[in-house]
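Each chain, letter by letter, is given below.
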Amino acid sequence: MGFGEFLGNERIVSALRGMLGRERVPNALLFTGPRGIGKFTLARMFAQAANCERLKDDFCGECASCLRMAPLADPTPLIEAGLAGRGESADAATVERMPLILETHPDVWLIVPDPVRLRNPVARPMIRVGQLRAVQRAAYFKPQGRRRVFILDGVPAA
């Protein structure tokens with residue numbers, strides 16, 4: 001288990017592992033590129049490695065921290081549960097007051113465009129201001145684990 005499961009981009013994986021191993025992780029990382037190349041998967045793996053309780057530069061997939069982040073591999077059930085808790089209102093005030101933030105681990109948050117807008121073929125998916133304000137507030141607090149990670153995903157998995 002670990003970064004060895006990620007196929008391709010060996011140079012990028014090596015750089016990420018080196019950052020973790022030397023404990024020289026920048027404040028922000030930007031994963032860009034065309035759809036389907038593994039940006040979200042690599043970001044999720046990096047979040048697991050950054051908070052793994054057993055390994056310093058990789059993740060084991062077996063410790064409590066890694067197991068809590070495992071559901072992020074398929075965020076669709078988490079999105080549905082979040083919408084059920086908040087309600088599927090497309091009202092902007094409701095969306096701003098109760099932003100959809102997927103959190104399976106106290107230090108790892110997944111921010112996705114509001115799914116209510118995704119169901120409307122005319123509306124463009126967007127991350128709401130309320131979501132970013134929640135991230136900004138949470139970033140001030142000390143992480144419970146090794147690192148706090150926020151993954152802002154512009155296009156949810158389909």
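Please refer to the structure higher up on the page.
Since the structure is predicted, the reported quantities are computational estimates derived from the model, not experimental observations.

A look at the nonpolar core
Here is step 1 of the chain: Residues Phe3, Leu110 and Ile151 are the most contacted members of the largest nonpolar core, which totals 30 residues.
Here is step 2 of the chain: Counting residues per element, the ones that place at least two in this core are α1 (10–22), α2 (39–51), α3 (64–69), α4 (76–86), β2 (108–111) and β3 (149–152).
Here is step 3 of the chain: Looking at this core element by element, the count peaks at eight residues for α2.
Here is step 4 of the chain: Excluding residues within four positions of it along the chain, Phe3 makes contact with Val13, Arg17, Leu20, Leu42, Met45, Phe46, Ala49, Asp57, Asp58 and Phe59.
Here is step 5 of the chain: Core analysis: the second largest hydrophobic core is formed by five residues, Ile111, Ala134, Val135 and Ala138 among them.

A closer look at α1
Here is step 1 of the chain: For α1, with 13 residues, the first-to-last C-alpha span of 18 Å sits near the 18 Å given by 1.5 Å per residue.
Here is step 2 of the chain: Looking at the packing, one finds that the buried side of α1 touches α2.
Here is step 3 of the chain: Note on α1: the residue one or two positions beyond its end, Glu23, has a positive phi of about 55°.

Structural notes on the sheet that holds β2
The strands that make up a sheet pair up through hydrogen bonds in the backbone, lying either parallel or antiparallel.
Here is step 1 of the chain: Pairing within the open sheet is mixed, and its three strands lie in the order β1-β2-β3. Whereas interior strands pair on both sides, the edge strands pair on one side only; in this sheet they are β1 (101–105) and β3. Here the strands of the sheet are splayed against their neighbours by 20° on average, with no regard to which way each runs.
Here is step 2 of the chain: As judged from the four bridges shared by β1 and β2, these two strands associate in the antiparallel manner. From the neighbouring strand, His105 faces β2, where its bridge partner is Val108.
Here is step 3 of the chain: Packing against the sheet, α2 makes contact with β1, β2 and β3, and its axis sits at approximately 175° to β3.

Topic: the pattern of salt bridges
Here is step 1 of the chain: Taken as a whole, this structure holds five salt bridges when the rule is applied.
Here is step 2 of the chain: With a closest N to O distance of 3.6 Å, Asp58 and Arg17 form a salt bridge. Taken together, the positions of Asp58 in the loop between α2 and α3 and Arg17 in helix α1 put the pair 41 residues apart, joining distant regions of the chain.
Here is step 3 of the chain: Using a relative accessible area of 8% as the deciding quantity, one classes Asp58 as buried.
Here is step 4 of the chain: Taking the shortest distance from any N to any O, the salt bridge between Arg54 and Glu62 comes out at 3.0 Å. Note on accessibility: Arg54 and Glu62 belong to one class, exposed.

What counts as what
- Sequence order as written defines residue numbering, which begins from 1 separately in each chain.
- For this predicted model, a pLDDT threshold of at least 70 governs which residues receive local features, and a threshold of 80 or more governs which side-chain atom pairs are given and counted, while totals over whole chains, interfaces and linings are taken from all residues.
- The side-chain quantities take in all heavy atoms of the structure and omit both hydrogens and water.
- As used here, the term nonpolar core means buried Ala, Val, Leu, Ile, Met, Phe, Trp, Tyr and Cys residues forming a set that is joined through side-chain atoms within 4.5 Å.
- Each residue is placed in one exposure class: buried if its accessible area under a 1.4 Å probe, protein chains only, is under 20% of its type's maximum, exposed if it is over 50%, and partly exposed if it falls in between.
- Numbering goes from the N terminus for both helices and strands, where a helix is a DSSP run of H or I of at least four residues and a strand is a run of E of at least two.
- Pairs of residues are marked as contacts when any of their non-hydrogen atoms sit within 4.5 Å.
- The span you would expect from a helix comes to 1.5 Å times its residue count less one.
- A pair of strands is labelled paired if DSSP reports no fewer than 2 bridges between them.
- Structural elements are reduced to axes, namely lines fitted to C-alpha atoms, with helices fitted over the stretch in contact, and the angle between N-to-C directions of any two is expressed from 0 to 180 degrees.
- Think of a salt bridge as a Lys or Arg side-chain nitrogen and an Asp or Glu carboxyl oxygen that are within 4 Å of each other.

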